[in-house]
2 protein chains.
Amino acid sequence: MKFSIRRNSFITALNDAQRAISSKTAIDVLTGIKITLSASKLTLTGSDADISIETVISQEDEKAALQIDEPGSIVLPARFFNEIVKKLPEDMMTITIDERFQATITSGQAEFTINGLDSETYPHLPEIEADSKLTIAADILKQIITQTVIAVSNQESRPILTGIHLAYSNGELLAVATDSHRLSQRKITLTDAGTQDYDIIVPGKSLSELAKMLGDSTENVEIRIAENQILFTFANTSFYSRLLEGNYPDTDRLIPQNSETTVEFNAVDLLHSIERASLLSHEGRNNVVKLSLKTGAQKAVIYGNSPEIGNVEEDLSFKKLEGNDLEISFNPDYMKDALSSFGQTDITMSLTLPLRPFTLVPTEDGANFVQLITPVRTF
Amino acid sequence: MKFSIRRNSFITALNDAQRAISSKTAIDVLTGIKITLSASKLTLTGSDADISIETVISQEDEKAALQIDEPGSIVLPARFFNEIVKKLPEDMMTITIDERFQATITSGQAEFTINGLDSETYPHLPEIEADSKLTIAADILKQIITQTVIAVSNQESRPILTGIHLAYSNGELLAVATDSHRLSQRKITLTDAGTQDYDIIVPGKSLSELAKMLGDSTENVEIRIAENQILFTFANTSFYSRLLEGNYPDTDRLIPQNSETTVEFNAVDLLHSIERASLLSHEGRNNVVKLSLKTGAQKAVIYGNSPEIGNVEEDLSFKKLEGNDLEISFNPDYMKDALSSFGQTDITMSLTLPLRPFTLVPTEDGANFVQLITPVRTF
């Protein structure tokens, strides 16, 4: 194998494929990056067995200036290889592989020789030959992921809750995640997305990683689903993830349908107030802040305290406060995550009883996006 | 005690004083920041017993808009206090202290109450009543520190080597540091600096911290020296450090006076080559790179290797190479530190024998700045 390429283009493709590579893998060959050179293109593959990412640079990509001298393939130690490529002195670089899987990387006067592995030892990527596909704009997909992934569980005790439940039918996509203390649900109507229905659970970690790769320049993402794998295709990238097996809990019944108290806040203002209130509660034994709503006096006050350090209280400004008086305590970190997911917008908080879950929805469009938080008992 | 102040100005002064505060201190009160309010100014003090920093905000500072309602003093938990002040909602903030050392911090609708300590329990700053002082431009002092501090030892086995030796006489300031593997020496002629001679050893850690505070807007630093303390005064800041006691080794005799081989490099180009060569050597059991100089063939080549990963070699470009052929091995990290201290300039490397220290000096001005490195035996 031998090729020359412009280093900048190579680094971009390398960084993308490398996102899938974990230094903690038990499978030695997966600490490497697989490089495959055909007569017309260069393919880089990284994988941690759960996620696999493949990036392609075509000979037709003028910016990359790929010159293919001899096709072939190799697996190179990913971390070193990346550091070497980044530090090479010139704009162009050349890689040559000999029959003993030794790679020679040259650029200007610098010449690195590093030991590689036979690419035959690298696991094969899943084969996904689904005819039907779902098409979704990259920015929408990214938004759905970032808004719901916050509620994904990081406890392996109930593996199914480490995923995001995605259900598509009748042109509507529903995304839900819950760690049983909080829940995030987003609905969206997709036009021309596809005709087949789906009901799958994708690991939250895979989707977070995917969201990081979805830049603003990517236009559409094509989604193909097989038995236990999902493939996202965009730009020059193929992103594979395994699916979680099992049935996702019925989350519909968790979201309260009515409320005793409602209050409207600006999401960003409330976020800043919660951040202040949590400064001290974080130090206490219980990471809890208390919200007091008094509809008669039209007062909303947030309290935080740490027995050692001190306490904080703040009168919150709100748009509208209606219903019963209520005092409720909750984990401020859950609230911060939820509020951050709304951006600069007005939200409506709906509550029933001190120990019952409450919801946050955008005031303007409450039907399609819900954040739910379960309060904490403090007595 | 009660005062109001513009938050931005307060944060700047707080951050400066807080540089001296270590969370690892065994003296509880030193985890706090001391706030002293007189009839005309606010003083913030932080200390870790080795370094103490005092910053002053005067009532005359219009940007700070300091309003003094009642003088007094308090010690507040530094980390929390800083986080609280940074997150307050409004431009202005007010602090009130009650007789039980409780501080109430208000800004807009937010009100924090935190427990403080009696400022009487806070250690007194050293008293330095030296009449004579040394005056030096801040940028020069910063340069001298950053160029020499790299060679300071971090081993407590020989405490004296954890300091920088500063000797001032006849208008010339000499700064030297060595960890016994490398040495860095800088000389500078100061005009109108002061008339008294000094010979002191200042902890490298103190000077690193000082250098970080010397911005480009600071014009002059005044230095006063007492029995076992040094005080740097600049802008609104007083920076105290203890001095190290003992005799600094005679470093003059360590610097070779002649050489068998000399070679001239561009410091930045050589730095990049060393960075590449050290990528692999860092992984090996010995962190060593090898430089081969062949004057007949006019070749300079750098080698690095790791038995597991592979090796690297690079032909170095140089300006001039004269004298005996030589192969020398050294710790690339020492070389990187030394080369970084020169900036974008040409340097002359002077060598004698494979196991004898070699020096790097600026080609244009070799008398006032020397970096010395002891090679490593590799056989």
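Residues numbered from 1 in each chain as written. Chains lettered and ligands numbered in written order. Predicted model: local features only at pLDDT ≥ 70, side-chain atom pairs only at ≥ 80, totals over all residues. Heavy atoms only, no water.

Chain A goes by Beta sliding clamp in an unreviewed UniProt entry, where it is assigned to Ligilactobacillus pobuzihii. The Subcellular location (unreviewed entry) field of the UniProt record for chain A holds the comment "Cytoplasm". (UniProt positions renumbered as here; feature names shortened; annotations may be inferred.)

Asks: Residue-level account of the domain arrangement of chain A, with values.
Replies: Each assigned domain of chain A is listed with its residue range as follows: domain 1 (2-121), domain 2 (134-242) and domain 3 (255-373). Distance between the C-alpha centres of domain 1 of chain A and domain 3 of chain A: 50 Å. (Domains from an automatic or database assignment.)

Asks: Please give an account of the side chain of threonine 348 of chain B that cites residues and values.
Replies: Residues and elements named next belong to chain B. Relative to the helices and strands, threonine 348 is located in strand E24 (residues 346-351). For threonine 348, a relative accessible area of 14% corresponds to the buried category. Within the structure, threonine 348 has its side chain in polar contact with the side chain of threonine 363 (distance 2.9 Å). With near-sequence residues (within four places) excluded, threonine 348 lies in contact with Thr262, Val263, Glu264, Thr359, Leu360, Val361 and Thr363. (Helix = DSSP H or I, 4+ residues; strand = E, 2+ residues; numbered from the N terminus. Buried < 20%, exposed > 50% of the residue type's maximum accessible area, 1.4 Å probe, protein only. Polar contact = N/O pair within 3.5 Å; in protein donor to acceptor, adjacent residues only side chain to side chain. Contact = heavy atoms within 4.5 Å.)

Asks: Kindly report on helix H5 (residues 267-281) of chain B, identifying the contributing residues and their values.
Replies: Residue and element names in this part refer to chain B. Its 15 residues place the ends of H5 21 Å apart at the C-alpha level, agreeing with the 21 Å of an ideal helix rising 1.5 Å per residue. In terms of burial, H5 is largely enclosed, as twelve of its 15 residues are buried. Among all positions in H5, only Ala267, Val268, Leu270, Leu271, Ser273, Ile274, Arg276, Ala277, Ser278, Leu279, Leu280 and Ser281 are buried. Measuring from the side-chain oxygen of the N-cap residue of H5 to the backbone nitrogen of valine 268 gives 3.0 Å; that N-cap residue is asparagine 266. (Expected span 1.5 Å × (residues − 1).)

Asks: Please set out the sheet that holds strand E12 (residues 172-178) of chain A residue by residue, giving values where relevant.
Replies: Residue and element names in this part refer to chain A. In spatial order, the strands read E14-E11-E12-E13-E26-E25-E24-E18-E22; together these nine strands make up an open sheet with antiparallel pairing. What marks the edges here is a single partner per strand, and that holds for strand E14 (198-203) and strand E22 (320-323). Adjacent strand axes in the sheet meet at a mean angle of 15°, parallel and antiparallel pairs treated alike. Sheet topology note: the strand E18 (residues 261-266)/E22 ladder contains four bridges and is antiparallel. Across the sheet, valine 263 pairs through a bridge with leucine 321, a residue of E22. Here helix H4 (residues 204-213) sits on the sheet in contact with strand E11 (163-169) and E14, set at roughly 85° to E14. (Pairing = 2+ DSSP bridges. Axes fitted to C-alpha atoms, helices over the stretch in contact; angles between N-to-C directions.)

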